[in-house]
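So the chains spell out like this:
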Amino acid sequence: MTHFPQPHPQQRAPRIQFNSLITALVQSDGGQRAKGRLYVVSMTGGLLRLAKALSDGDFVEVAFQTGSGPVHGMAEMLPPTRRATDGVMQPFRFIALGDDDHRVLRMAVDSISDRTFVGLRSSQWSVPKGQ
């Protein structure tokens with residue numbers, strides 16, 4: 001089954017930033033290929049650094065490797081957010097992910113989200129005064 005990620009109107013999908021450089025391959029409908037770096041990803045899309053911007057609205061295939069495995073999906077390129085000295089930062093939104101790709105992406109997002117969550121430690125718990 002193919003998943004068609006939909007943003008939730010009231011709740012933004014959790015974003016994860018990678019500590020290491022993640023190479024992403026992007027292929028357009030016309031067969032043009034580009035290599036970039038994946039900086040941020042969520043269940044609904046991500047942010048790439050590319051040598052040159054792709055056109056807003058281009059439909060592409062995006063592939064990258066996570067600690068949980070490879071992810072390959074169809075995406076729509078969004079307008080570049082800013083120029084960098086060595087390229088451009090450009091977001092994308094997933095429009096279709098296969099079952100395995102969706103599962104791997106979910107595991108990667110959950111794994112990194114779990115590691116970065118700082119919850120209350122038992123030493124920080126206290127009994128309310130007066131009890």
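Look up a bit, the structure's there.
Residues numbered from 1 in each chain as written. Predicted model: local features only at pLDDT ≥ 70, side-chain atom pairs only at ≥ 80, totals over all residues. Heavy atoms only, no water.

Enquirer: Which residues make up the pairing of strand E4 (residues 45-50), and what values go with them?
Expert: Counting buried residues along E4, five of its six residues qualify, which places the element largely inside the surrounding structure. Across five bridges, strand E3 (residues 33-41) lies against E4 in antiparallel orientation. Bridged to Val41 within E4 is Gly46. What sits between the antiparallel neighbours E3 and E4 is a turn of three residues. Pairing analysis gives six bridges linking E4 to strand E8 (residues 87-98), with the strands arranged antiparallel. Along E8, the bridge assignment pairs Arg49 with Met89. (Buried < 20%, exposed > 50% of the residue type's maximum accessible area, 1.4 Å probe, protein only. Helix = DSSP H or I, 4+ residues; strand = E, 2+ residues; numbered from the N terminus. Pairing = 2+ DSSP bridges.)

Enquirer: Tell me what's going on with the nonpolar core, and back it up with residues and numbers.
Expert: Grouped together as the largest cluster of nonpolar side chains are 22 residues, with contacts concentrated most on Leu38, Val41, Leu48, Phe64, Phe92, Phe94 and Leu105. Taken together, the elements giving at least two residues each to this core come down to strand E2 (16-28), E3, E4, strand E5 (59-66), strand E6 (69-77), E8 and helix H1 (99-116). Sequence-distant contacts of Leu105, that is, excluding residues within four places in its chain, are made with Val41, Ser42, Met43, Phe64, Val71, Phe94 and Leu97. (Core = buried A, V, L, I, M, F, W, Y, C linked by side-chain atoms within 4.5 Å. Contact = heavy atoms within 4.5 Å.)

Structural measurements only, silent on function.
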